[in-house]
Amino acid sequence: MHNLHSYFSTLWVIYTKELKSYLCVPFGWVILTCTMGIQGLMLQAVLETMTQATGNGVMYYMTDSLFFLLLFIFIFPLITMRTFAEEERLGTLEGLLTAPVTTSQILMGKYLAAYSFYIILWLPMLLYPWMSELGNLYTLIRYGEHSETTITYMLADWIGVYCILALTGAFFIALGILCSSVTRSQIISAIFCTCLMILYYFMGRVTDLWGEFPAAPIFHYISCTEQFRSFTSGVLDTRPVILYISMTICILALTKRLVDYRRWTR
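For clarity, every value in this text was computed on a predicted model and none was experimentally measured. (Residues numbered from 1 in each chain as written. Predicted model: local features only at pLDDT ≥ 70, side-chain atom pairs only at ≥ 80, totals over all residues. Heavy atoms only, no water.)

**A word on the packing of aromatic side chains**
Piece 1. Tallied over the entire structure, the rule returns 19 aromatic pairs.
Piece 2. Between the aromatic rings of Phe68 and Phe228, the centroid separation amounts to 5.3 Å while the plane-to-plane angle is 70°, which identifies the pairing as edge-to-face. Placement of the pair is Phe68 in helix α4 (residues 66–80) and Phe228 in helix α13 (residues 224–231), with a sequence separation of 160 residues.
Piece 3. On the accessibility criterion, Phe68 (5% relative accessible area) is buried.
Piece 4. Taking the relative accessible area as the measure of exposure, Phe228 reaches 5% and is therefore buried.
Piece 5. Aromatic pair Tyr201 and Phe202: ring centres 5.3 Å apart, planes at 80°, arrangement edge-to-face.
Piece 6. Clustering of aromatic rings is evident, with ring pairs tying together Phe68, Phe72, Phe76, Tyr111, Tyr115, Tyr118, Trp122, Phe171, Phe172, Tyr200, Phe228 and Tyr244.
Piece 7. Between Arg82 and the ring centre of Phe27, over which it is positioned, the NZ or CZ distance is 5.0 Å.
Piece 8. One cation-aromatic arrangement involves Lys110 over Phe84; the distance from NZ or CZ to the ring centre is 5.3 Å. (Phe/Tyr/Trp six-rings, centres within 6.5 Å; stacked < 30°, edge-to-face > 60°. Helix = DSSP H or I, 4+ residues; strand = E, 2+ residues; numbered from the N terminus. Buried < 20%, exposed > 50% of the residue type's maximum accessible area, 1.4 Å probe, protein only. Lys NZ or Arg CZ within 6 Å of the ring centre and 35° of its normal.)

**Description of the packing of α4 against helix α7 (residues 103–121)**
Piece 1. Put simply, α4 and α7 touch, their axes get as near as 10 Å, and they point 140° apart. Here α7 runs oblique to α4, going by the angle between their axes. By crossing handedness, the relation of α4 to α7 is classed as right-handed. Every residue of α7 that contacts α4 at Phe72, Ile75, Phe76 and Ile79 is listed here: Ala114, Phe117, Tyr118 and Leu121.
Piece 2. Across the contact of α4 with α7, the residue classes break down as eight nonpolar, no polar and no charged. (Axes fitted to C-alpha atoms, helices over the stretch in contact; angles between N-to-C directions. Parallel < 35°, antiparallel > 145°, perpendicular 65-115°, else oblique. Left-handed = near helix turned anticlockwise from the far one by under 90°. Contact = heavy atoms within 4.5 Å. Nonpolar A, V, L, I, M, F, W, Y, C, P; charged D, E, K, R; others polar.)

**Remarks on the confidence of the model for the chain**
Piece 1. Summary statistics for the chain give a mean pLDDT of 79 and a share of 79% for residues scoring 70 or more.
Piece 2. The element-level mean pLDDT for the chain is lowest in helix α8 (residues 131–143), coming to 48, with α7 highest at 91.
Piece 3. Per-residue pLDDT stays below 50 along residues 137–149; that stretch engages in 14 contacts with residues further than four places along the chain or on separate chains. (pLDDT = per-residue confidence, 0-100.)

**Things to note about a nonpolar patch on the surface**
Piece 1. Nonpolar side chains collect at one region of the surface, where Leu66, Leu70 and Phe74 lie side by side and expose about 300 Å² of accessible area between them.
Piece 2. Along the chain, Phe74 turns up in helix α4. (Patch = residues over 30% accessible without salt bridge, like charges linked within 9 Å, V, L, I, M, F, W, Y side chains within 5 Å. Areas by Shrake-Rupley, 256 points an atom, 1.4 Å probe, with all protein chains shown as cover. Salt bridge = Lys/Arg side-chain N within 4 Å of Asp/Glu carboxyl O.)

**Digging into the pattern of salt bridges**
Piece 1. Under the defined criterion, the tally for this structure stands at three salt bridges.
Piece 2. The shortest N-O distance in the salt bridge between Glu18 and Lys110 comes to 2.9 Å. Of this pair, Glu18 sits in helix α1 (residues 2–23) while Lys110 sits in helix α7, placing them 92 residues apart in sequence. For the residue pair Glu18 and Lys110, the accessibility class agrees, reading buried in each case.
Piece 3. Between Lys256 and Asp260 there is a salt bridge, and its shortest N-O distance comes to 3.0 Å. On the criterion of helical spacing, the pair formed by Lys256 and Asp260 is a turn pair, its members being four residues apart in helix α14 (residues 238–264).

**A look at the packing of α4 against helix α10 (residues 186–203)**
Piece 1. Two numbers describe how α4 lies on α10: the axes approach to 8 Å, and their chain directions differ by 140°. One finds that α4 runs oblique with respect to α10. Read as a crossing pair, α4 and α10 show a hand that is right-handed. Residues Leu69, Phe72, Ile73, Phe74, Phe76 and Pro77 of α4 lie in contact with α10, whose contacting residues are Ala190, Cys193, Thr194, Met197, Ile198 and Tyr201.
Piece 2. Residue classes in the contact of α4 with α10 are distributed as 11 nonpolar, one polar and no charged.

Structure, rendered in structure tokens:
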């Protein structure tokens, strides 16, 4: 029991230190500001779209926009590129790896801090339940009281969005930390992570380019686009849950081995 308490106490110290590195420096607030700005552009684009089309909820159009795709691809490299690469460049990683803490404590502290900051970036979406009223007001002002367009909002859609954002975020944060652990350059880490994310995204669009073929179900299974469309329609599928949790565990295990190797070769 004492060892368990000591483990989590140390983990908590590393976690709070890493979280402060996001929230107590201008870098983190710049990311938060840019994210909120892009979410505002997403909202405007959604309102423009839903005054011309009906049949889907607000969240469907939010995650189907170009603004969301750009934000989703580039947000993870920005969050994770500093985790190990910055400490390697500053020379503080050696002191951390030689301290009386385990590799899993270091890794999980950094991972949980980055993941917490990622979740914080999406907190403005908690205001979206009021977006239906805002959208209807926007339609009334722009198109007059005789417009038949209605902005639809369903709680299931909102819950689905947060579920799929949390699942994909868990995997891509782990992937970004892996990229940061193999280099001392933040730029190289960010480029590496971005390339892997783009590759993964387009693997899910293979069937759109080449149609159906024997291995097509695999690409449908990993498709971010199809998963977001499903979850934003209020359909909670357990297959992406298994996919992203298992891949997150595998990536974190691989990262731990890499950090262990660097730790014991110093």
